[in-house]
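Listed below are the residues making up each chain.
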Amino acid sequence: MEHNNIKSCIFLALLMVLPFYLVHKAADVRAVLAASISEEEEQKSTVDPTGQDEGYSAVLYDNTNGLPTSEANAIAETSDGFIWIGSYSGLIRYDGNTFERIDSTEGIASVVSLFVDSSERLWIGTNDSGAAVMEHGEYHIYNKSNGLKSSTIRSIVEGSDGNIYIATTRGVAMVDPDLNLHTVDEPLINEEYIRVLRLGIDGIIYGVTTDGAVFTMQDGRLTGYFDSTKMGIANIRTILPDSSKPGYVYIGTAQSALYYGRLQNGLTDCVIIDLTPLEYTNSIDQVNDAIWISADNGIGVVKNGEVTHLENIPIDSSAEGMIADYQGNLWFASSKQGVMKIVPNQFTDIYERYDLPTTVVNTTCLYNDMLFIGTKNNGLTVVDQNGVVENLPLKSAVSASGESIDETDLIQMLQDCRIRSIIRDSQNRLWISTFGENALLRYDNGTVTRFTTQDGLPSDRVRTVFECQDGSFLAACTGGLTLLQDDVVTEVYGESSGINNPEVLTAIETKNKELLIGTDGDGIYMIKDSKVTHIGMEAGLPSDVVMRLKYDLSRDIIWIVASNAIAYMDADYHITTIREFPYSNNFDLYENTRGEMWILSSNGIYVTTAEELLANEEISTVYYGRDNGLSCITTSNSYSELTPDGDLYIAGSTGVAKVNIEQPFESVDDIIMSVPYIEADGALIYPDASGTITIPSDVKKLTIYSYVYNYTLMNPQVTYYLDGFDDTQTTVKRSELVPTDYTNLRGGTYHFVMQLKDSQGRGSKMFSIPIVKEKALYELLWFRILCGVAATALIAWMVMLYIRHKT
């Protein structure tokens, strides 16, 4: 481990532009930092955007997609689940669905800092209006009129003594637990511009001034002050106490340097980490075992001494700070770009992962731990776990007739070629169908065999290949269906065979060895014992353009993907069109082991069950599009690889997206639901200490504000009802959840109940909150009894009068 005394730190600082760049990623740095990370942190993350793991999505919010502004200075989360954003345009609240700008008439404007204390109150620091604390929708304001020396607030923190400390441009102020304001009278900092305050695990508050001085406070008193000379570090901007080693701190500067050491008469045991290219560190935060750097020119993370600069994310300027929300998602604020969240994503953007230029992809196929990607106009791209494969040398290349071909590399051979499909056969060979001079290639571990018109194909335009039960192959070509046996074309079914439109798009073999081909405009042809039979729209086919035929062995049916509908054909050749499917322009379908069908379409992916499709009644589907993390839309008539483990590599119009269709990736177990308040005839009412909402007896209209705080890309189902009043339940997608109105409720106790399921109807999480409407006088039992007694007495008196009158 590298140990530096204070003199060494001063020397290094004086020569900062040279030597500290040399210590980046050194083993001693890693050892020091690894020892400094606590295994148990309050903030936890479920996503790794450093490129080490797959499956994350970065979403930027600005004034183009919901955020009322395009800048954010601070971000925080309260325990009820709300995300709070501080901006120059005011305070903004977000529930995962809607951004709401808080009314600034209370004086909450130009927010630059946020803090949530141990009582779950939100503290707000403004640029020119002082500080405020919000609790149950009410504000307590602190400004010059009630004793604050400066109205510019830069940081707020709670001390171990329970007091709130406010960093201003003229020293530090303190608010006691009774919300009384006090001035911290310390001559060394009274007139200083305090940039940041942070609490350490040792109960000490660590602060930084704009002059680069570091100071410590405890119980409202200054316990240490170290100017830049004593620190030996130039241009200090921020500080973070180590959460596991008392007295140790991280110090960020205006240069590309992060310092770590023990704050004792300066900085000892000093380690310097090069953050290049990041500079001007605005904030240092710790989540899990990672130290996050928010800087003027981007975001970085230090983990086990290794520094990673986040690339390919929306925020690259003026990052001011970050948090991890209760679900483990990461949030970043930028004073120039807005708010970014980084969340787990079941869809992996393969092209982004390998930094590939966008292009139309027609096919994907896994082969020998490599992903083969066939494109529309850019030939073949191959990637493996190490990145893009530049070359695939050929041992030999021959035509089907045995003539030598002058090619030495498969990737070069297919350069700029239009590849229609890549299919792996049972012998672990690839069949590469193309439009062009290469026509059909078979690749077998470095050996290529080429099939063209010279070898009997009807044309050099081959769409795909299907392997038959006897080891022969069907090649779907322009010009007809070609049968290949032992590398010889044995039959071509085209116009001469009775196929009027020989533009073949798809071909399969059934278990009875019938050949079925789908054409581009003339429906389906069945070939059995060399006899050709036409199946068209008159037989129930929804369209004469048949893009995909898939044989379902377990159900003995053939799924048909036509240009305008999905259908299926049974063993007796009866065709049924699935009329209730919500989308018509579909390209392919894949079934997982749970019987769920993943249907690739021109606007995303629809998921339903095979049973619902076959029932052909109302169909409940789950939709995945770009808003759910899907990075690209499926290419028309493309071929995507599905591995035995359930990994689907989707051939898309701008690249490749990967998703596992076997593993359920949505869980509602940890999602928070709440009713933080209700509105009774226009007045907000909050739950009491027991969690019960009580409303007056004279309330006519009740509005229940229910929230599901979900910040991931899933969109679960929410079912809600007012128990004791509603006879039916309402189920909506979480994105469609809105406040619910009730009128003329009788006095009594009700329960507003919410149930959460994932978007496919799995799982179940319940939430209930009691709502008590005080009974009106006429609803009280004693009043009713009294009225009954009075009525009885009145009737008796009237009867007595009547009898007396008659007598």
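Just so it is clear, the model here is predicted, and its values are computed rather than measured.

*Asks:* Explain the overall build of the protein chain to me, please; I cannot follow it from the model alone.
*Replies:* Within the protein chain, the secondary structure is distributed over 7 helices and 66 strands. Looking at the protein chain as a whole, 55% of its 807 residues qualify as buried. In the protein chain, the proportion of contacts linking residues at least 24 apart, taken out of those at least 6 apart, comes to 51%. Computed over 56 positive and 108 negative side-chain charges, the separation of the two mean positions in the protein chain equals 4 Å.

*Asks:* What am I meant to see in the sheet that holds strand 27 (residues 330-334) here?
*Replies:* Paired through backbone hydrogen bonds, the strands of a sheet run either parallel or antiparallel to each other. The antiparallel open sheet is built from 4 strands, whose spatial order is 1-28-27-26. Taken across any chain shown, the strands that pair with only one partner, and hence form the sheet edges, are strand 1 (56-61) and strand 26 (319-324). Across the sheet, the axes of successive neighbouring strands diverge by a mean angle of 20°, strand direction being ignored.

*Asks:* Would you mind showing me how to read unusual backbone geometry here?
*Replies:* Of all residues except glycine, most have a negative phi; of all peptide bonds, most are trans. Cis geometry is found at the peptide bond from Thr276 to Pro277, where omega equals 15°. In this structure, Pro277 sits in the loop between strand 21 (267-274) and strand 22 (281-287). Of note, Asn265 is a non-glycine position whose phi angle comes to about 55°, a positive value. On the secondary structure map, Asn265 appears in the loop between strand 20 (257-263) and strand 21.

*Asks:* For this particular structure, what's the right way to read the pattern of salt bridges?
*Replies:* For side chains of opposite charge, pairing can occur when their charged atoms come near one another. Per the stated rule, a full pass over the model turns up 20 salt bridges. The residue Asp117 makes a salt bridge to Arg121 at a minimum N-O spacing of 2.8 Å. Of the charged contacts, one joins Glu641 and Arg424 as a salt bridge, the two residues approaching to 3.0 Å between their closest N and O atoms. Note that Glu641 is positioned in strand 55 (residues 641-642) and Arg424 in strand 35 (residues 418-424), a separation of 217 residues in sequence. Classification of Arg424 as partly exposed rests on a relative accessible area of 32%. Three or more residues are tied together by salt bridges with common partners; here these are Asp552, Arg555, Glu591 and Glu611.

Criteria and thresholds
- Residues numbered from 1 in each chain as written.
- Predicted model: local features only at pLDDT ≥ 70, side-chain atom pairs only at ≥ 80, totals over all residues.
- Heavy atoms only, no water.
- Helix = DSSP H or I, 4+ residues; strand = E, 2+ residues; numbered from the N terminus.
- Buried < 20%, exposed > 50% of the residue type's maximum accessible area, 1.4 Å probe, protein only.
- Contact = heavy atoms within 4.5 Å.
- Lys, Arg positive; Asp, Glu negative; His and termini not counted.
- Charge placed at Lys NZ, Arg CZ, Asp CG, Glu CD.
- Pairing = 2+ DSSP bridges.
- Axes fitted to C-alpha atoms, helices over the stretch in contact; angles between N-to-C directions.
- Salt bridge = Lys/Arg side-chain N within 4 Å of Asp/Glu carboxyl O.

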